[in-house]
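Examination of the molecular architecture
Single-letter residue listing:
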Amino acid sequence: MIEIKNLSKVYSTNGKDVVALKDINLTISDGEIYGIMGLSGAGKSSLIRCINMLEKPTSGSILINGVEMTKLKPKELRNMRKKIGMIFQHFNLLMNSTVYENIAFPLKISKVNDSVIKKRVDELLDVVDLKDKKYAYPSQLSGGQKQRVGIARALANNPAIILSDEATSALDPTTTESILNLLKNINKQYGITIVVITHEMSVIRNLCDKVAVLEDGRIIEEGNVIDIFSNPSTETSKRFLKDMIAELPPDILLDDENPNEEILRLSFFGNSSNQPVISHMIKNFDVEVNIISGNIERVQNSQVGNLLIKISGKESSIKDAIKFLENNGLRIEVLKNGIV
Amino acid sequence: MVSSNTLQYLLNLWQLMEEPLWESLYMVFFSTLFSVIIGMPLGIILVITDKGHIKENLKLNQILGTVINVMRSVPFIILIIAIFPLARLIVGTTIGPTAAIVPLSIAAAPFVARVIESSLKEVDWGVIEASISVGASLLQIIFKVMIPESLPSLVLGITLTVINILGYSAMAGAIGGGGLGDLAIRYGYQRFQTDVLIATIIVLIIFVEIVQRIGNYLSKKVDKR
């Protein structure tokens, strides 16, 4: 378990203080995949680097399985770090060493015996599916393959935790997907806790169980990914979800004078996306529906969807129809003339 | 056909040059060795004590940097004379190639330190960070990450040092160090034997060319980036 309490990080450059993290409190349970999302400059990198003390917090505490990281002696810290793997956006492999040597590196550092290293590296090459690249140099690998080497290196010491610092940000979408699947499998197979920082919403959506949204060095929203995706409560979260939330095309404006027309945004998640709610509404109430746009996204194991519709009919029928939708678990926003 | 006179001439020239050539090689080899032994740790310290690096210590960094700059500004010919007492202390004499190794090593060490510094600075910080994250110690980071990662550049730097020391050794020759520089001055300059001067220069050019080629080859060979 990772417990972060009242963590703050202040950088001082040229006598000026820059607050990178302010009063962060987070608890990450064993076996969880925890996402930390934020725009660049929000403090994500500092936060993840504080977990393994690549950066020293200015104040506050970080407990990993009950061990206070901020108070460790150098040697104890090095031993602790061996149980925390880390993967990086730019892979950070030893460019003058082979794939084998890169994966063996943490084991050599830990003075593991050579025959054990050989066996372990072969196992890891199997896990990341790079057996045929054992003696290749990083410059001969693709981005995805390099990241697989990075992941194998992070796994070498059988860590309890893996920290992922924008691990897929330099990769194309297909490669990203395969890396995310690999991480997911590792989490399932070995029960390793994974902390992910990213600015890519798709990473959170496809990988994480829980998410914290970071802005200006503070956590502004935190919870289960499905809850945040279906009902974001802050502007930053909404901005992240913008791609998913159907926007009203600007040319579809409503006739101001017509009280019998409304444009609605419906959000649905979980079970309600499997029900033919709209069809029921049309049948039961005297309204007409024109679908303007819509989408459905998978978030973890459920669905989150958005629909923009134009609804027309008698004012009272529209009201009843809206009530019906709400009773079926949909969230309704009324957009008038394109203004929320 | 080459006449026997020409052959005799070349033979004489070679006999004149043989010993100074070996002296030069001897001076260059050991001066390079010792200057690397002294300069390498200094270069490493310059890098790791720099701001934000693995053993930040700005005071030490500044003092060392200043000392190196001062050493590098002293003209080599002055440095040799200033170091005579030290040479006598270490090798028991101030004349001959062995004595010249002392000032040559000391004069080249600050240069080596800077060369090593700039090579090690090329190592991507991300790789160092990655090795810290797997629990590597300071020495492990230096010897298992920074040096292997910058090896191609280090090899070129040492090549540069060898050639530089060859140039210095000619100056050492001028005040009794022996070697090809000494020969060029005594025969070529003081006795107006231009042919000896030119022969010496040709040998030096060949030497520089060979060293540079070997350096380039080795550097490329260890470069897998």
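Numbering of residues starts from 1 in every chain and runs along the sequence as written. Written order determines the labels here, with chains lettered from A and ligands numbered from 1. With pLDDT at 70 or above as the cut-off, local features in this predicted model cover only qualifying residues; side-chain atom pairs require 80 or more to be listed or tallied, and sums for whole chains, interfaces and linings still use all residues.

Remarks on the environment of Leu7(A)
Residues and elements named next belong to chain A. Only DSSP runs of H or I with at least four residues qualify as helices, and only runs of E with at least two residues qualify as strands; both kinds are numbered from the N terminus onward. Tracing the sequence through the fold places Leu7 in strand S1 (residues 2-13). Leu7 sits 157 residues away from Ser164 along the chain, and the two C-alpha atoms are 19 Å apart. Working definition of a contact: two residues with C-beta atoms, positioned from the backbone, lying within 7 Å. Once residues within four sequence positions are removed from consideration, Leu7 is found in contact with Leu21, Ile24, Cys50, Pro57, Gly60 and Ile62.

Comments concerning the packing of helix H8 (residues 179-190) of chain B against helix H9 (residues 194-222) of chain B
Residue and element names in this part refer to chain B. For helices, the fitted line uses only the C-alpha atoms of the stretch in contact; every axis is such a line through C-alpha atoms, and the angle between N-to-C directions lies from 0 to 180 degrees. The N-to-C vectors of H8 and H9 enclose an angle of 160°; their axes lie 7 Å apart at closest approach. Here H9 runs roughly antiparallel to H8, going by the angle between their axes. Where H8 crosses over H9, the handedness of that crossing is left-handed. Along its contact with H8, which presents Leu180, Leu183, Ala184, Tyr187, Gly188 and Tyr189, the element H9 presents Thr194, Val196, Leu197, Thr200, Val203 and Leu204. Working definition: roughly parallel below 35 degrees, roughly antiparallel above 145 degrees, roughly perpendicular at 65 to 115 degrees, and oblique for all remaining angles. Rotating anticlockwise by less than a right angle from the far helix to the near helix defines a left-handed crossing, while the corresponding clockwise rotation defines a right-handed one.

Some remarks on the interface of chain B and chain A
The interface is formed by 17 residues belonging to chain B together with 21 residues belonging to chain A. Going through the elements one at a time, helix H5 (125-133) and helix H6 (138-149) of chain B are the ones with two or more residues in the side of chain B that touches chain A. Ten residues, namely Ala, Val, Leu, Ile, Met, Phe, Trp, Tyr, Cys and Pro, are considered nonpolar, four, namely Asp, Glu, Lys and Arg, are considered charged, and the remaining ones, Gly among them, are considered polar. Within the side of chain B that touches chain A, the residues separate by chemical class into eight nonpolar, five polar and four charged.

Let's talk about the sheet that holds strand S7 (residues 161-165) of chain A
All names here are of chain A. Between any two strands, at least two bridges found by DSSP are needed for them to pair. The strand order across the open sheet built from six strands is S6-S7-S8-S3-S9-S10, with neighbouring strands paired in mixed fashion. Strands at the two margins of the open sheet, each flanked by one partner only, are strand S6 (84-88) and strand S10 (218-224). Going across the sheet, the axis of each strand differs from the next one's by a mean of 15°, ignoring polarity. One ladder, built from five bridges, connects strand S3 (residues 33-38) with strand S9 (residues 210-215); its direction is parallel. Residue pairing for S9: Ile36 is matched across the bridge by Ala212.

Description of the packing of helix H1 (residues 4-48) of chain B against H8(B)
Residue and element names in this part refer to chain B. Two elements in contact, H1 and H8, have axes whose closest approach is 6 Å; the angle formed by their N-to-C orientations is 140°. Viewed along their axes, H1 and H8 adopt a mutual orientation that is oblique. Facing H1, whose interface residues are Met17, Pro20, Leu21, Glu23, Ser24 and Met27, H8 presents Gly179, Leu180, Asp182 and Leu183. Its residues placed into classes, the contact of H1 with H8 shows six nonpolar, two polar and two charged.

Some points on the sheet that holds strand S13 (residues 302-313) of chain A
All names here are of chain A. Read from one edge to the other, the open sheet built from four strands follows the order S12-S13-S11-S14, with strand pairing classed as antiparallel. Edge positions in the sheet fall to strand S12 (287-299) and strand S14 (331-335), since each of these pairs with one other strand and no more. The mean inter-strand angle of the sheet, taken between neighbouring strand axes irrespective of direction, is 20°. Judged from the 12 bridges that link them, S12 and S13 form a sheet pairing that is antiparallel. When the bridges of S13 are listed, Val289 appears paired with Ile311. In the packing of helix H11 (residues 315-327) onto the sheet, contacts are made with strand S11 (261-269), S12, S13 and S14, and the angle to S13 comes to roughly 170°.

Focus on the domain arrangement of chain A
Residues and elements named next belong to chain A. Once the domains are mapped, chain A shows domain 1 (2-232) and domain 2 (261-335). Those domain boundaries reflect an automatic or database domain assignment. On a C-alpha basis, the centroid separation for the pair domain 1 and domain 2 is 40 Å. Across the contact, six residues belong to domain 1 and eight residues belong to domain 2.

Observations concerning the pairing of strand S2 (residues 16-28) of chain A
Consecutive residues of a regular strand have side chains that alternate between opposite faces of the sheet. Residue and element names in this part refer to chain A. Here nine bridges tie S1 to S2, and the two strands are oriented antiparallel to one another. By the bridge assignment for S2, Lys9 is matched with Leu21. Counting the residues in the hairpin turn of S1 and S2 gives two residues, including Asn14, whose phi is positive at 50°.

Observations concerning the nonpolar core
A general feature of soluble globular proteins is that nonpolar side chains tend to end up buried together. Formed by 146 residues in total, the largest nonpolar core has its most connected members in Ile103(A), Ala152(A), Val195(A), Val196(A) and Leu104(B). Two domains each put at least three residues into this core: domain 1 (2-232) and domain 2 (261-335) of chain A. The term nonpolar core refers to a set of buried Ala, Val, Leu, Ile, Met, Phe, Trp, Tyr and Cys residues connected through C-beta atoms within 7 Å. To assign burial, the other C-beta atoms lying within 10 Å of each residue's own C-beta are counted, with C-beta atoms placed from the backbone; 20 or more indicates buried, 12 or fewer indicates exposed, and intermediate counts indicate partly exposed.

Observations concerning unusual backbone geometry
All names here are of chain A. Of note, the phi angle at Met53 is positive, near 65°, even though the residue is not glycine. Its place among the elements puts Met53 in the loop between helix H1 (44-51) and strand S4 (59-64). Of the residues examined, Met53 has 19 C-beta atoms within 10 Å and is grouped as partly exposed. Positive phi values are uncommon outside glycine, yet Asn65 reaches one of about 45°.

Overview of helix H3 (residues 76-91) of chain B
Residue and element names in this part refer to chain B. For H3, with 16 residues, the first-to-last C-alpha span of 19 Å runs short of the 22 Å given by 1.5 Å per residue. For H3, the complete set of buried residues consists of Ile80, Ile83 and Ala87. Along its buried surface, H3 packs onto helix H4 (97-121) and helix H7 (151-177). Multiply 1.5 Å by the residue count of a helix minus one, and that product is the helix's expected span.

Some thoughts on the pairing of S10(A)
All names here are of chain A. Relative to S10, S9 runs antiparallel, the two being bridged by six bridges. Each bridged residue has a counterpart across the sheet, and for Val211 the counterpart in S10 is Gly223. Between S9 and the antiparallel strand that follows it, S10, lie two residues; Asp216 among them carries a positive phi value of about 50°.

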